[in-house]
Amino acid sequence: MARTLPPVQAIRAEIDALFTEGRDLVEVIEDVARLGARLIIQTAVEAEVDAFLGRARYQRANAATSSGEAHAVRPGHRNGHCPTTIKTTTGPVTIARPKLRGTTEAFASRLFGAGVTRTNALETLVIASFVRGLSVRDVEGALADALGPEAALSKSTVSTICQAIVAEYDAWSRRDLSAVELDYLFLDASHFKMHDGQRAEPVLAAWGITTEGKPVFIGLSAAAAESTDAWHDFLTDLAARGLRPPLLVISDGAPGLIAAAEQVFPRSLRQRCVIHKCRNVLSKVSAGDQAEVKAAFWNIFDTSSLENDDKEIEPGPGLVAWVQARIDAFAETWGGRYPTAVKSLLTDRQSLTTYLRFPPEHHKRIRHSNFIERTFGETRRRVKVIGRFPGETSCVSLVWAVLDRAARGWRGFTMTSKGLRTLQDLRRALLSPPTPLHPAATASSHSTPETAAA
């Protein structure tokens, strides 16, 4: 009968087996993070039991005594294990908690106590080791310093993880995009510390909704700043790999991003994120009035009063004009008290209502870019523990791993027959305008995308 492996060795065997199953790398990474958490905790608890009994696993008390360790030896012995669940930020982790028999005092782990089911210290260690796991030297150092050299993953396993992540990201960042046709392209950036002694720098990201309503993660790249040149290079690379112009680009108000998007996708419409604009406006309003101003701001874009049982909202210039009139009313109400806040709103008034030309069932999801911000938040949460990444490669690799995994759970868009007709009409007007038959008609070809869509 095969002998049961000790828990630590069993977890190591599970980790080694992950790389022989031919599974998707992103899924393997998530499992390595989960199993790595178990390995760290299990190793720590086993080491505590060794210290408590004064001898290693399978070592007899008389052997420890003869080796000069009698002062540390306690009566009692191991008596199997029982499952114990620890709650961490990576999810519940079940370990095999050692059971002891014949001891003169109860064993209580210094990590968890007698009955603790949650430990912030272990969460910190698990997250830090996962982030630093993208660097062989860092992961070995982090785990060895905390729990001793036996706690670290083997060099071959760490090397396999590092090399595979970099190779997968490299292939992903060069893939052909000619088969991707988008209705909506979302652009955003998040800042991370990735170079020693330098301020946080941006990682640029792009994701979109295809003409079939499916979400797709498009691109990711590190940059020194959110400049026009950086965004232009990023978007040009996407276009060079075959990405066709989308109908609508959704972003915040970063000037470099806006300028680059208009240069690379000149025929695409642009939507300014209304959530970012709301923050801009409220930052110029006194605390006592912020709740009222915020409610008034969102009332501008509330079109529910136009819906009834017999009539649906009709997207297009008429709806845009209706909301623009509400912007005027807001400006008249609050302009005297908060002129700077109103000026901020009026500056972007046209780009704030572009989404109203698109299918109404998409309005609430295409008027802001906050979706990808929430996903970026998951990455920042993991990084916060160690302060900065070991370098640019590890930063982009981890951000990609988290976003690529998250992308599998992103919701797509509902595509109704009426909505599809609206999108098709916009596509013809914006991206496939008719060729002028006479020279006199040439002037019409210089109209802006907004004018064409009208």
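Procedures and definitions
Residues numbered from 1 in each chain as written. Predicted model: local features only at pLDDT ≥ 70, side-chain atom pairs only at ≥ 80, totals over all residues. Heavy atoms only, no water. Helix = DSSP H or I, 4+ residues; strand = E, 2+ residues; numbered from the N terminus. Buried < 20%, exposed > 50% of the residue type's maximum accessible area, 1.4 Å probe, protein only. Contact = heavy atoms within 4.5 Å. Areas by Shrake-Rupley, 256 points an atom, 1.4 Å probe, with all protein chains shown as cover. Salt bridge = Lys/Arg side-chain N within 4 Å of Asp/Glu carboxyl O. Phe/Tyr/Trp six-rings, centres within 6.5 Å; stacked < 30°, edge-to-face > 60°. Pairing = 2+ DSSP bridges. Axes fitted to C-alpha atoms, helices over the stretch in contact; angles between N-to-C directions. Left-handed = near helix turned anticlockwise from the far one by under 90°. Nonpolar A, V, L, I, M, F, W, Y, C, P; charged D, E, K, R; others polar. Expected span 1.5 Å × (residues − 1). Arc of directions from axis to C-beta. Polar contact = N/O pair within 3.5 Å; in protein donor to acceptor, adjacent residues only side chain to side chain. Core = buried A, V, L, I, M, F, W, Y, C linked by side-chain atoms within 4.5 Å. pLDDT = per-residue confidence, 0-100.

### A word on the overall build of the protein chain
Right, so step 1: Secondary structure summary: the protein chain contains 18 helices and 7 strands in total.
Right, so step 2: By residue count, 46% of the 454 residues in the protein chain fall in the buried class.
Right, so step 3: For the protein chain, long-range pairs separated by at least 24 residues make up 66% of all intrachain contacts whose partners lie at least 6 apart in sequence.
Right, so step 4: Entry remark: accessible area of the protein chain is about 22300 Å², with carbon and sulfur atoms responsible for 52%.

### Concerning the pattern of salt bridges
Pairing between side chains of opposite charge can happen when the charged atoms of each approach one another.
Right, so step 1: Summed over all chains, the structure comprises 12 salt bridges.
Right, so step 2: With a closest N to O distance of 2.8 Å, D348 and K277 form a salt bridge. Of the two residues, D348 sits in the loop between α12 (339-347) and α13 (349-352) while K277 sits in helix α9 (residues 274-282), which places them 71 residues apart along the sequence.
Right, so step 3: Relative accessible area serves as the criterion here: at 3%, K277 is assigned to the buried category.
Right, so step 4: The shortest N-O distance in the salt bridge between R349 and D328 comes to 2.8 Å. Of this pair, R349 sits in helix α13 while D328 sits in helix α11 (residues 317-334); the two residues are 21 residues apart in sequence, bridging distant segments of the chain.

### Some points on the packing of aromatic side chains
Right, so step 1: Per the stated rule, a full pass over the model turns up 14 aromatic pairs.
Right, so step 2: Judged by centre distance (5.5 Å) and plane angle (50 degrees), the rings of Y184 and F413 are tilted. With a gap of 229 residues between them, Y184 in strand β3 (residues 182-192) and F413 in the loop between α16 (392-407) and α17 (417-430) connect regions that are remote in the sequence. Per residue, the accessibility class of Y184 equals that of F413, and both read buried.

### A short note on the pairing of strand β5 (residues 215-222)
Right, so step 1: Looking at chain direction, strand β4 (residues 201-210) and β5 are connected through 7 bridges and run antiparallel. Bridge assignment links I209 to a residue of β5, and that residue is P215.
Right, so step 2: In sequence, β4 turns back onto β5 through a hairpin of 4 residues, with G213 there showing a positive phi of about 85 degrees.

### Some thoughts on the packing of helix α7 (residues 228-240) against helix α8 (residues 255-264)
Right, so step 1: Packing of α7 against α8 brings their axes to within 8 Å, and their N-to-C directions diverge by 35 degrees. The interaxial crossing formed by α7 with α8 has right-handed handedness. On the side of α7, the interface is formed by T228, W231, H232, L235, T236 and A239, while α8 contributes P255, G256, L257, A259, A260, A261, Q263 and V264.
Right, so step 2: Residues of the contact of α7 with α8, tallied by class, amount to 9 nonpolar, 5 polar and no charged.

### Topic: α17
Right, so step 1: With 14 residues, α17 extends 20 Å between its outermost C-alpha atoms, agreeing within 8% with the 20 Å of an ideal straight helix rising 1.5 Å per residue.
Right, so step 2: Listed in full, the buried residues belonging to α17 are G419, T422, L423, L426, R427 and L430. For α17, the arc enclosing every buried residue in end-on projection is 135 degrees, short of the 170-degree limit, so these residues lie on one face.

### Examining the side chain of S268
Right, so step 1: Its location among the elements puts S268 in the loop between α8 and β7 (269-272).
Right, so step 2: A distance of 2.5 Å separates the side chain of S268 from the backbone oxygen of P246, its partner in a polar contact.

### With respect to the nonpolar core
Right, so step 1: Judged by nonpolar contacts, the single largest core of 55 residues is most densely connected at Y184, F217, L220 and F358.
Right, so step 2: Of all hydrophobic cores here, the second largest spans 23 residues; its members include A223, L238, L257 and A261.

### Description of the environment of A167
Right, so step 1: Structurally, A167 can be placed in helix α6 (residues 155-173).
Right, so step 2: In this structure A167 comes out as partly exposed when scored by relative accessible area, which is 48%.
Right, so step 3: In sequence terms A167 and S397 are 230 residues apart; their C-alpha atoms lie 9.6 Å from each other.

### Digging into the confidence of the model for the protein chain
Right, so step 1: Model confidence for the protein chain is summarised by a mean pLDDT of 78, while 69% of its residues fall at 70 or above.
Right, so step 2: Across residues 67-71, confidence stays below pLDDT 50; counting only partners more than four residues off in sequence or on other chains, it has 4 contacts.
Right, so step 3: Here residues 114-136 scores under 50 on pLDDT; set against residues more than four positions off or in separate chains, the count is 63 contacts.

### Let's talk about the sheet that holds β5
Right, so step 1: The 5 strands lie next to each other as β5-β4-β3-β6-β7, forming an open sheet whose pairing is mixed. The open sheet has two edge strands with one neighbour each: β5 and β7. Strand-to-strand twist of the sheet, defined as the mean angle between neighbouring strand axes without regard to direction, takes the value 20 degrees.

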